[in-house]
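Spelled out, the chains give:
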Amino acid sequence: MTELLEGRGLDADRCYRAVTSRDARFDGWFFTAVRTTRIYCRPSCPARTPLVGNVEFHPTAAGAQAAGFRACRRCRPDAVPGSPEWDVRADVVARAMRLIADGEVERSGVAGLAAALGYSERQLHRLVVAELGVGPLALARAQRAQTARVLLETTDLPVADLAFAAGFASIRQFNDTVREVFATTPSALRGSRRPAAGPSGWLTLRLAARAPFCAAEVLLFLGGHAVAGLEEWDGVTFSRVLDLPHGPAVVRLSPAADGVSVTARLRLAELRDLGVAVARCRHLLDLDADPLAVDTVLAADPALAGLVRAAPGRRMPTHPDAVEGAVRAVLGQHVSLGGARTFTARVVAAAGTPLPEPVGTLTHAFPAPGRSSMPTSAPWGSPAAAGAPCTPWPAGSSPGRSTWAPGPTAPRPGAPCWPSRGSGPGPWPWSGCADSATRTSGCPATWRCAGP
């Protein structure tokens, strides 16, 4: 798919050929805006193909909205999988996109986003606008609009409450944004839709994925690694606790009826965490991956070609955040899968954030850096060498330690990830950390080390 990109812009000829083919594999890579109707669509929109002279292409939905186009009501372009480009790039724009998806602008504003990336606000704005045509605020606004749409269609919340839950500062701002993006009022957008049937207090929504995708296999893998108290697997549905900015949440993931998407049922402490929860669930399941690119690379190896043909579209499930992924990797270094699950369950019970009340067998969120006190004597029964690096590391802010998030840059090769005893002779070199937790941080190389 990367041939659509010409440098850092879009190749209009290739984009138009993708639109005429109505190939859903291109959804999320770019958006088609039709000048005569002032509507933007996904490439696979079933509507009549517009004339080549009447279209323009945008890399993001926010760019199309800023140019004065509204979302197509037929193909719902704002609901497509995200561009896999942001997951495989490590430059500042890609890192900014990952942090915006994780709700950094809502939590800290553009100033906080710039600080997390190590840039000034002005410099960050210039870089993002140069590539995407809009700044961080417009990108966050587009995300809020999509969150509002999900809440309108899946809940019966009063519109006033829903506006603040979606992250808007005022009801007027909410109404203006919905009218501008969707060319209708919030009440009309909700229309005759009714929330999906389910337990009270739960939101139900669909997580789109690029085909081919076997949701059952991905969930089976996660279920096989489920940690008691943190995760639960019943043979069909994978449930777990998410540590979100405004309190722990519970998500239940199961294959959707169409076979290529996932049904998510969410119980949130606060509705304003919905956007972050969706972003982390998508990362957990690797839903924004480009299966065609992955299969092409793997099939080039003669030893793997037959396996790829038999089971195309493999995904790499991971963890919601890098902290959890790295700690679980360390705890599992010298033991079996069953032993690692047992040790991790003891860590969760000893240092995790408890839920206000258990949900089935789910009782705790994973220990959060700076908010949880990890026992120093490894009372969970794991080998001392495996438990040791977890003791000082969650603080993550003093010199020589790493802070892992969707946005940081990579350390220089060979830099230690934390200066303490670890699995075997420590500290781990950069290559060891990359092997253990590369996928959890949302990028092939996304650690920032403060040490030399």
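Read on for a plain summary of the structure. Keep in mind it's a predicted model, so treat the numbers as computed, not measured.

1. A closer look at helix H12 (residues 274-285)
Taking 1.5 Å as the rise per residue, H12 with twelve residues should run 16 Å; its terminal C-alpha atoms sit 17 Å apart, in good agreement. The buried count for H12 comes to eleven of twelve residues, which makes it a mostly enclosed element.

2. Observations regarding the sheet that holds strand E9 (residues 238-244)
One open sheet accounts for five strands, arranged E7-E11-E10-E9-E8; its pairing is antiparallel. Edge strands, defined here as strands with exactly one partner in the open sheet, are strand E7 (203-207) and strand E8 (231-233). Within this sheet the neighbouring strands show an average axis-to-axis angle of 25°, counted without direction. Bridge count for strand E10 (residues 247-255) against strand E11 (residues 262-267) is six bridges, and the pairing is antiparallel.

3. Considering the pattern of salt bridges
Oppositely charged side chains can form a pair if their charged atoms are brought close together. On inspection of all chains with the given rule, the structure shows 19 salt bridges. Across the pair Asp11 and Arg14 runs a salt bridge whose closest N-O atoms are separated by 2.8 Å. Under the relative-accessibility criterion, Asp11 is labelled buried at 10%. On the basis of relative accessibility, which here comes to 36%, the residue Arg14 falls in the partly exposed class. A salt bridge links Arg144 to Glu106; the shortest N-O distance between them is 2.9 Å. Residue Arg144 is located in helix H7 (residues 136-154), and its partner Glu106 is located in helix H5 (residues 104-117); the two are separated by 38 residues in the primary sequence. What makes Glu106 partly exposed here is its relative accessible area of 33%. Salt bridges linked by common partners bring Asp102, Glu104, Arg107 and Arg280 together as one network.

Scoring rules and cut-offs
Residues numbered from 1 in each chain as written. Predicted model: local features only at pLDDT ≥ 70, side-chain atom pairs only at ≥ 80, totals over all residues. Heavy atoms only, no water. Helix = DSSP H or I, 4+ residues; strand = E, 2+ residues; numbered from the N terminus. Expected span 1.5 Å × (residues − 1). Buried < 20%, exposed > 50% of the residue type's maximum accessible area, 1.4 Å probe, protein only. Pairing = 2+ DSSP bridges. Axes fitted to C-alpha atoms, helices over the stretch in contact; angles between N-to-C directions. Salt bridge = Lys/Arg side-chain N within 4 Å of Asp/Glu carboxyl O.

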